[in-house]
Amino acid sequence: MEAADDKISLVDPKRSHNMNIMLGSFKRYTIHQLRAAIITVDESILSDNMINQFIAYISPPEEVAILEAYTDDFDKLAGPEQFLTVMNRVHRYEARLTAISFKFNFMDTFNYLDKSISNVIEASTVLSKSESIPQLFQMILVVGNFMNGSGFRGGAYGFKVHTLTKLADTKTTDNSNTLVHFLVRVLNNCYPMVLEFRTELKTTEAASKVNFTDLMADFQTMGTRLKFIHSELEDYFGPDADLPPEDTFGDVMREFYASASRSYSTLESRYEDMLKIYGTVVTAMGEDPQTMSPDEFFGVFKNFLVTFERCFKEVKAQDEKEIKAEKRRMEQEARERAQQERLRVEEEANSAQTDSKSDDPDGVGAMDKLLESLRSGADFNTTRRYKGRLNDKKARASAIGIKAMEMLQEIKQN
């Protein structure tokens with residue numbers, strides 16, 4: 001026992017120091033206000049953090065005995081001792097704190113359990129009803145047997161679920177692609193309907209985050225705490241309990257218990273459904289639901305989907321790159337063909353011009369010769385004087401006609 005500022009300190013110094021810090025955080029309330037909040041479950045004052053601290057400083061039996069010896073010297077006790085003395089006199093103090101803490105956390109725990117159970121049920125249902133996932137497994141089995149040949153390893157009738165995570169370990173000789181890349185190309189080009197599994201397996205991500213050990217423990221704890229509250233209400237807060245009129249703990253907790261029990265009953269039914277459907281789908285895939293937990297089972301599918309989506313993007317990018325390269329190649333070939341065509345046309349044009357000059361070295365065409373001859377009359381009788389003799393006119397006309405016919409024939413031949 002120590003005296004500080006004329007106050008009696010009975011608690012261990014370190015414990016007393018920590019309690020003073022705790023009480024300092026609640027200094028806006030008196031000790032008697034805190035007691036009243038506990039026996040009425042006043043949530044305007046109480047909080048989950050406060051209740052947890054009160055639980056942490058519950059007096060052990062020997063401390064209770066020491067404090068009871070100073071009942072008549074209450075005003076002389078230090079703050080921590082006064083707090084403990086008042087709280088120790090509360091009927092079923094520790095049990096009340098336990099029940100109140102459970103009440104404060106019930107909805108958070110319920111929602112967590114309900115969501116976890118829903119995630120496992122949804123993922124299990126999708127896997128059990130899927131049409132694309134069995135087809136995916138069949139394709140993987142066919143590819144695996146083909147790669148392993150016709151020997152012992154090549155005649156497999158199935159494979160373990162964990163095999164899905166090992167597909168990416170099988171690589172090409174240059175390590176640029178894996179078996180998953182090959183699977184992406186086969187499904188994308190030949191069996192696009194099987195790719196529906198990509199949407200279905202998305203449900204496994206949430207289910208893979210469910211820690212089944214924690215889920216079962218929390219579910220069982222919820223049931224145990226509800227039974228505890230029911231027992232406390234029946235044994236210590238019944239109609240015959242000797243309690244002060246202001247103590248409404250029993251009424252508040254009975255109302256809570258009725259509501260929480262209904263919620264738990266619904267949750268219990270869903271929990272049983274989850275165990276059943278999960279066990280069915282795991283067994284159907286050749287695994288033991290007793291040894292393979294949901295986080296492990298669904299984690300395999302989640303990781304496979306992540307790998308498949310990554311390979312799917314890489315294959316798509318590679319295909320787009322090849323398409324662009326092929327387009328550039330075809331455009332280059334088109335430009336080269338156009339250039340060759342232009343050169344051919346130019347060569348033919350130059351050749352035709354050369355042939356024309358060799359056939360007509362003077363540069364004068366046959367028609368020009370004809371016109372010049374007709375105009376000048378140089379190649380036939382040019383005498384135009386009228387002699388008065390008809391025979392001379394006929395002779396000249398006949399000569400002109402013959403020459404014209406010869407030149408026309410020459411044009412035709414050229």
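Cut-offs used in this document
- Residue indices follow the written sequence of each chain, beginning from 1 at its first position.
- The predicted nature of this model means local features are confined to residues of pLDDT at least 70 and side-chain atom pairs, given and counted, to a pLDDT of 80 or more, with totals for whole chains, interfaces and linings taken over all residues.
- Side-chain numbers here rest on the full set of heavy atoms in the structure, without hydrogens or water.
- What counts as a helix is a DSSP run of H or I of at least four residues, what counts as a strand is a run of E of at least two, and both are numbered from the N terminus.
- Burial here depends on accessible area, computed with a 1.4 Å probe over protein chains only, as a share of the maximum for the residue type. Under 20% is buried, over 50% is exposed, and the range in between is partly exposed.
- Any two residues whose heavy atoms approach within 4.5 Å at even a single point are treated as in contact.
- Accessible areas in this description were obtained via Shrake-Rupley with a 1.4 Å probe; residue shielding takes into account the shown protein chains only.
- Here a salt bridge means any side-chain nitrogen of Lys or Arg lying within 4 Å of a carboxyl oxygen belonging to Asp or Glu.
- The definition of a polar contact used here is a pair of N or O atoms within 3.5 Å, where within protein one atom must be able to donate a hydrogen and the other to accept one, and adjacent residues in sequence count solely through side-chain atom pairs.
- In this scheme, a helix's expected span is set at 1.5 Å multiplied by one less than its residue total.
- Here the arc refers to the directions that run from the helix axis out to each C-beta atom.
- Along the chain, pLDDT gives the predictor's confidence residue by residue, from 0 to 100.
- Two rings from Phe, Tyr or Trp (for Trp, the six-membered ring) form a pair when their centres sit within 6.5 Å of each other. Planes less than 30 degrees apart are called stacked, planes more than 60 degrees apart edge-to-face, and all others tilted.

1. Things to note about the overall build of the protein
For the protein, the count of helices and strands is 15 helices and two strands. Out of the 414 residues in the protein, the part that is buried amounts to 34%. In the protein, once contacts between residues fewer than 6 apart in sequence are set aside, the share between residues at least 24 apart is 77%. Working note: accessible area of the protein is about 25900 Å², and carbon and sulfur atoms make up 51% of it.

2. Considering the pattern of salt bridges
Oppositely charged side chains are able to pair whenever their charged atoms sit close together. This model, assessed by the stated rule, comprises twelve salt bridges. The partner of E63 in a salt bridge is R15, with the nearest N and O atoms 2.9 Å apart. One end of the pair, E63, is in helix α4 (residues 61-68); the other, R15, is in helix α1 (residues 13-25), and 48 residues separate them in sequence. The buried category is assigned to E63, whose relative accessible area is 12%. Assessed through its relative accessible area of 18%, R15 is described here as buried. In this structure, R344 and E348 form a salt bridge, with 2.5 Å as the shortest nitrogen-oxygen distance.

3. Thoughts on the environment of T203
Position of T203 among the secondary structure elements: in helix α10 (residues 203-208). Residue T203 is classed as buried on the basis of its relative accessible area of 16%. When the C-alpha atoms of T203 and S124 are compared, they prove to be 8.9 Å apart, with 79 residues separating the residues in sequence. Look past the residues within four positions of T203 in its chain and what remains in contact with it is E122, A123 and V126.

4. Some points on the side chain of S124
With respect to the element layout, S124 can be found in helix α6 (residues 93-129). Taking relative accessible area as the criterion, S124 reaches 0% and is therefore assigned buried. Engagement of the side chain of S124 in a polar contact is seen with the backbone oxygen of V120, the distance being 2.7 Å. The residues touching S124, leaving out its near neighbours within four places in the chain, are I277, Y278, V281 and F298.

5. Here's the deal with the environment of R270
By secondary structure assignment, the location of R270 is in helix α12 (residues 249-284). According to the relative accessible area criterion, R270 is partly exposed, its value standing at 24%. Along the primary structure R270 and D114 are separated by 156 residues, whereas in three dimensions their C-alpha atoms are 8.2 Å apart. Ignoring any residue separated from it by four or fewer positions in sequence, one finds R270 in contact with D114, I117, S118 and I121.

6. Brief notes about α1
Since one α-helical turn is 3.6 residues long, residues separated by three or four positions face the same way. Taking 1.5 Å of rise per residue, 13 residues should cover 18 Å, and α1 covers 19 Å from first to last C-alpha, within 8% of that figure. Of all the positions in α1, only R15, S16, M19, M22 and L23 are classed as buried. One side of α1 carries all its buried residues, which in axial view fall inside an arc of 120 degrees. Across α1 from its buried face, at more than 90 degrees, point the exposed residues K14 and I21. Those residues of α1 that are buried lie in contact with β2 (7-9), α3 (48-56), α4 and α5 (79-88).

7. Comments concerning the confidence of the model for the protein
Averaged over every residue, the pLDDT of the protein is 84; residues scoring 70 or more account for 82%. Per-element averaging of pLDDT across the protein places helix α15 (residues 390-413) at the bottom with 46 and α6 at the top with 97. In the model, residues 379-390 has pLDDT below 50 throughout and makes ten contacts with residues more than four positions away in sequence or in other chains. For the stretch residues 403-414, pLDDT sits under 50, and the model shows twelve contacts to residues farther than four places along the chain or on other chains.

8. Re the packing of aromatic side chains
Going through the model one piece at a time under the given rule, you end up with 20 aromatic pairs. Geometrically, the ring pair formed by F102 and F256 is edge-to-face, given 5.9 Å between the ring centres and 75 degrees between the ring planes. Note that F102 is positioned in helix α6 and F256 in helix α12, a separation of 154 residues in sequence. Assigned by exposure class, F102 and F256 land together as buried. Ring centres 6.3 Å apart and planes at 35 degrees place the aromatic pair F137 and F301 in the tilted group.

9. Points about unusual backbone geometry
Positive phi is not limited to glycine here, since V41 has a value of about 55 degrees. If you trace the backbone, V41 turns up in the loop between α2 (31-40) and α3. The backbone of N175 sits at a positive phi, close to 60 degrees, despite the residue not being glycine. As for its placement among the helices and strands, N175 is situated in the loop between α7 (132-148) and α8 (179-190).

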